[in-house]
Structures are given as C-alpha cells and as structure tokens.
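# Coordinates in review
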Amino acid sequence: MRLLAIETSCDETAAAVVAETGDAVRPWEIRSSIVASQAAIHREWGGVVPELASRQHVRDICGVFEAALADAAVTLEEIGAVAVTQGPGLVGSLLVGVAFAKALAWSRGIPVVPVHHLAGHIESLTLAHGELPMPAAVLVVSGGHTSLYLIPEPGQYRLIGRTRDDAAGEAYDKVAKLLGLGYPGGPAIDRVARTGNDRAIEFPAARLTHADRNAPRATADGLLPADIARRIDFSFSGLKTAVLRLVRERTGSPPAGKAAAADSTGAVLPASEIADICASFQRVVVEALLDRTFEAARWLGAQSVGIAGGVSANSRLRADAAARGARHGIPVFIPPIALSTDNAAMIGAAGLRRFRSAGAGSWDFNAEASLALELR
Ligand code: KG4
Ligand code: ZN
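Residues numbered from 1 in each chain as written. Chains lettered and ligands numbered in written order. Predicted model: local features only at pLDDT ≥ 70, side-chain atom pairs only at ≥ 80, totals over all residues. Heavy atoms only, no water.

### Description of the overall build of the protein chain
Secondary structure summary: the protein chain contains twelve helices and ten strands in total. Partitioning the contacts of the protein chain with sequence separation of at least 6, the portion at a separation of at least 24 is 74%. On the protein chain, roughly 15,400 Å² of surface is accessible, and the fraction owed to carbon and sulfur atoms is 53%. (Helix = DSSP H or I, 4+ residues; strand = E, 2+ residues; numbered from the N terminus. Contact = heavy atoms within 4.5 Å. Areas by Shrake-Rupley, 256 points an atom, 1.4 Å probe, with all protein chains shown as cover.)

Now the structure itself:
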C-alpha cells in the first residue's frame, strides 16, 4: 500500500508518500517527501508566531500535497490511506493538516490514520535504518520535547524519562536568541560552536539526584528502579539561565529579563566569545542527553540506542553518540538530517505501523495541542 502523510504540527508544512515494501526488516520506503519551511517568516519575530504559522499552512498545504504526489509519480487513485499528525503541537497548525487529511480521505473513501508526532520521530529511525535491535532505548529530542522511550518491541513506546522544564531544542533556540544568533537557534549554535573552546566556560550540568529533587513519582510500569528513573529526567532551564547571567555580566548587565542589546550585526559579544559560549553550552547539553540515554540503555538491557528529533541533526550529538556507542559496545542509530527535523515521511512510517496494528482512526478525532507522552 501507498500512504500519503501530512505534517503541520509547527512551522513546517510537509507531505510525503510512503510505501510498504513487504520486507519485515525494512518495512517502508519513501517515494517522496516535501517540506515547506516557514523559518524565514518566523525569523523576523525571533520564534514561531502561532497565528502566522496556521495561516501559512493554509497557503502552502495544497501545493505541498500536489508536489508530494508528483514527486512520487503517483495519482491520488493510487493512494490507499492518509496519515496525519494529530498532536502534540500548535493547535491552529495541527488543525490545518487534520482538516485537509480528513477531507481528502473522506472524498476518496479511504482510511485516515491519526499519528502522534513523537511516534513519527521514533519511526524515522526504522524508516532510515530498518527495525532496530530490540529492546531499544530511543531519545526524542526536539524543539518541543526531550523524552526517552523504551521500545520493547516494534510499535510499543514506553516513556521512561522526560524533561522537567525546557526541551533541549528550546534551550538551543533561547540561548541563540540571547546571543543574537537568530532563529532557529540549533543550527546556528551548532555552526558557531565548531570554532569555540568547549571548556572555556564551566556551565552547570543539571544534576537531578539532590535529595530535594527526589520526590517520588510513578515509573513506567516499574520498568526502572525509582532512583534510576529520577536520575534520567532532563532539565535545561538552569543552564539557559546560567548563559543569560554570563551574557549580562560580560555585556554590562542589561535590565533584568531582557537579552543583551545587540550591535548592528545582531551580535551581543565578540565572535570568539560567542563561539566559546556556544561550544561550552553545547558540550553540557550533549553530555546531559547522552549520559542519561546510555545510563537508561544499560539499566534496561537495551540492544540499541536511537536518537531522533530536530536536535539529533546536531553535529556534536551525532559524533559523540557514535563514539559512546562504540565504547559501550551498543549500536547507535540516528536518522539522516532530512528525517531528523520535522517531515511527513516519518508520519507516514508511524501511520503505516499504526494502520497495520490498530486499523484506521475514527472520523471524529481532533487536533490535540497536547497528547500524552506515554504512547501505547
Ligand atoms: O523536530 P523538530 O524539527 O520540531 C519539533 O518537533 O520541535 O525540532 C526543531 C528543533 C529546534 O529547536 C531547532 O533549533 C533544533 O531542533 N535543531 C537543532 C539543530 N537543527 C535543528 N538543534 C541543535 N543542532 C542542530 N543542528
Ligand atoms: Zn518534531
């Protein structure tokens, strides 16, 4: 079967055609994947403006859909089902995709399949590399989420760790903004950090093992001992504040709550200092992500580690993850960059997985800004 997938959860309008292969190890292949990014529109505002995002999705979706069919060289009659991101995300943006997908499927008399955005990121791994050795520990690290899942078998997603405050991508975007590096911040910091000294500044690493942070909370099905489960939660807001404090000190304390004033180039500090801050910030983020992921993998006896989501495009995260995998003797899987950041092909993969295990969605599902992180 060929499935058409739609993704509009944030600021990318995306459509893809994904086909089943009949091969159990590599179950799907991408026939086309079109992404229209709105980054240029939101850059002016320093971040995604939800109302502008929804309007742009409305403008772009028909063209993106047509391009996906044309690129795959298929007609609408050859599409057997439509998958769409139901949530989580910006509700106005999600609604455009959900309404489009339902109308399309209804008019063609074919099934519509709602997909959890994070299931899409997780399935980008299988789409790119084939089924992972199970059980797999998968880190989903994006602008909206930093969550660690155990995949005991294909299609089952058990949440075992998550951020207590900011997502890692959000921290990248906020730090880039206060350094005057623009939006989106992740790729900018990644680039600038290459010329910096990652030991120039000792930013605090988030430690969550303090007694006062150890309030008991339920673990996913008792999958991990409680003390370990608490240790593998993430936190990035303290790090972000530390960068803000440093920038204020070095630029001469602008008013509380405001980023330092940028010069005409947009930079707040000399380029070499910015590079050192970026490299030092990035080292702490990457270490926090990998420490917890590999610790969880070890405790859970995972046979593989997967890293997906927009931040998995980060060059240092990719390199360090591969090095750790080699050291720990555990294979590490990361999607190619086009499948790391938001795209519809991954939604197609998760949609086919779900369609084959649970069938079509009902016609009355709605866009959901927040959907439980715990997927079953
Ligand atoms: O998965 P994604 O495209 O959208 C969400 O679901 O949130 O992730 C976007 C996030 C943004 O925060 C962006 O700054 C970050 O991924 N990102 C990166 C890189 N490329 C994108 N972060 C670090 N390094 C990168 N190279
Ligand atoms: Zn995403």
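### A look at the environment of Pro27
Within the element layout of this structure, Pro27 appears in the loop between strand E2 (12-20) and strand E3 (28-37). You can call Pro27 buried: its relative accessible area is 14%. As for Pro27 and Leu352, which are separated by 325 residues in sequence, their C-alpha atoms are 9.2 Å apart. Among residues more than four places away in sequence, those in contact with Pro27 are Ala19, Glu20, Thr21, Gly22, Thr126 and Glu131. (Buried < 20%, exposed > 50% of the residue type's maximum accessible area, 1.4 Å probe, protein only.)

### Describing unusual backbone geometry
Put simply, Met134 and Pro135 share a cis peptide bond, and its omega is -5°. Note that Pro135 resides in the loop between helix H4 (117-129) and strand E6 (136-141). Note the cis peptide between Tyr183 and Pro184, where omega equals -5°. A positive phi is found at Ala73, a non-glycine position, where the angle reads about 55°. For Ala73, the location among the structural elements is in the loop between helix H2 (50-72) and strand E4 (81-87). Judged by its relative accessible area of 67%, Ala73 falls in the exposed class.

### Details of the packing of aromatic side chains
By the definition in use, this model includes four aromatic pairs. Ring geometry for Phe65 versus Phe100: centroids 5.3 Å apart, planes at 65°, classification edge-to-face. With Phe65 in helix H2 and Phe100 in helix H3 (residues 91-108), the pair connects residues that are 35 residues apart, well separated along the chain. Grouping residues by exposure puts Phe65 and Phe100 together as buried. With 5.1 Å between their ring centres and 90° between their planes, Trp106 and Trp363 make a pair best called edge-to-face. A residue pair is termed long-range when its members are at least 10 positions apart, and Trp106 in helix H3 and Trp363 in the segment after helix H12 (345-358) qualify at 257 residues. (Phe/Tyr/Trp six-rings, centres within 6.5 Å; stacked < 30°, edge-to-face > 60°.)

### A word on the site of ligand 1
As a matter of local geometry, ligand 1 sits amid 17 residues, with Gly143, Asp173, Asp190, Asn314 and Asp342 nearest to it. Gly143 places a polar main-chain atom, nitrogen or oxygen, 2.8 Å from an oxygen atom of ligand 1. In the model, an oxygen atom of ligand 1 is placed 2.9 Å from a nitrogen or oxygen of the Asp342 main chain. Look at ligand 1: alone it shows 550 Å² of surface, and the protein chains cover 89% of it. Those elements giving two or more residues to the shell around ligand 1 turn out to be H4, helix H5 (168-178) and helix H6 (185-193). Class assignment of the residues belonging to the shell around ligand 1 gives a composition of four nonpolar, ten polar and three charged. (Near = heavy atom within 4 Å. Polar contact = N/O pair within 3.5 Å; in protein donor to acceptor, adjacent residues only side chain to side chain. Nonpolar A, V, L, I, M, F, W, Y, C, P; charged D, E, K, R; others polar.)

### Some thoughts on the coordination of the zinc ion (ligand 2)
Each protein donor to the zinc ion (ligand 2) is listed here as His117 (NE2), His121 (NE2) and Asp342 (OD); together their distances run 2.0 to 2.1 Å. In the primary structure, the donors to the zinc ion (ligand 2) are separated according to the pattern H-x3-H-x220-D. Remark: His121 and His117 occur in helix H4; sequence separation between them is four residues, near one turn of the helix. The pair formed by His117 and His121 is uniform in burial state, with each residue classed as buried. (Donors = N, O, S within 2.8 Å, 3.2 Å for Na, K, Ca; no water.)

### Considering the sheet that holds strand E1 (residues 2-7)
Paired through backbone hydrogen bonds, the strands of a sheet run either parallel or antiparallel to each other. Read from one edge to the other, the open sheet built from five strands follows the order E3-E2-E1-E4-E5, with strand pairing classed as mixed. Each end of this open sheet is capped by a strand with a single partner; those strands are E3 and strand E5 (112-116). Taken over all neighbouring pairs, the strand axes of this sheet differ in orientation by 20° on average, direction set aside. The pairing of E4 with E5 spans five bridges and is classified as parallel. Paired with Gly87 across the strands is His116, a residue of E5. Contacts from H3 reach E1, E4 and E5, with the element oriented near 160° to E4. Sheet strands touched by H4: E1, E2, E3, E4 and E5. Its angle to E5, the strand with the most contacts, is close to 90°. (Pairing = 2+ DSSP bridges. Axes fitted to C-alpha atoms, helices over the stretch in contact; angles between N-to-C directions.)

### Here's the deal with the nonpolar core
Phe203, Ile277, Phe281, Leu289 and Ile307 are the most contacted members of the largest nonpolar core, which has 52 residues in total. Among the elements that take part in this core, helix H9 (residues 271-300) stands out by supplying 15 residues, more than any other. Every residue in contact with Leu289, bar those within four places of it in the chain, is listed here: Leu139, Val141, Thr146, Ala168, Phe234, Phe236 and Leu317. (Core = buried A, V, L, I, M, F, W, Y, C linked by side-chain atoms within 4.5 Å.)

### Regarding the confidence of the model for the protein chain
Confidence in the prediction for the protein chain averages 91 pLDDT; 89% of positions are at 70 or higher. The low-confidence segment residues 210-218 (pLDDT under 50) makes 14 contacts with residues lying over four places distant or belonging to another chain. (pLDDT = per-residue confidence, 0-100.)

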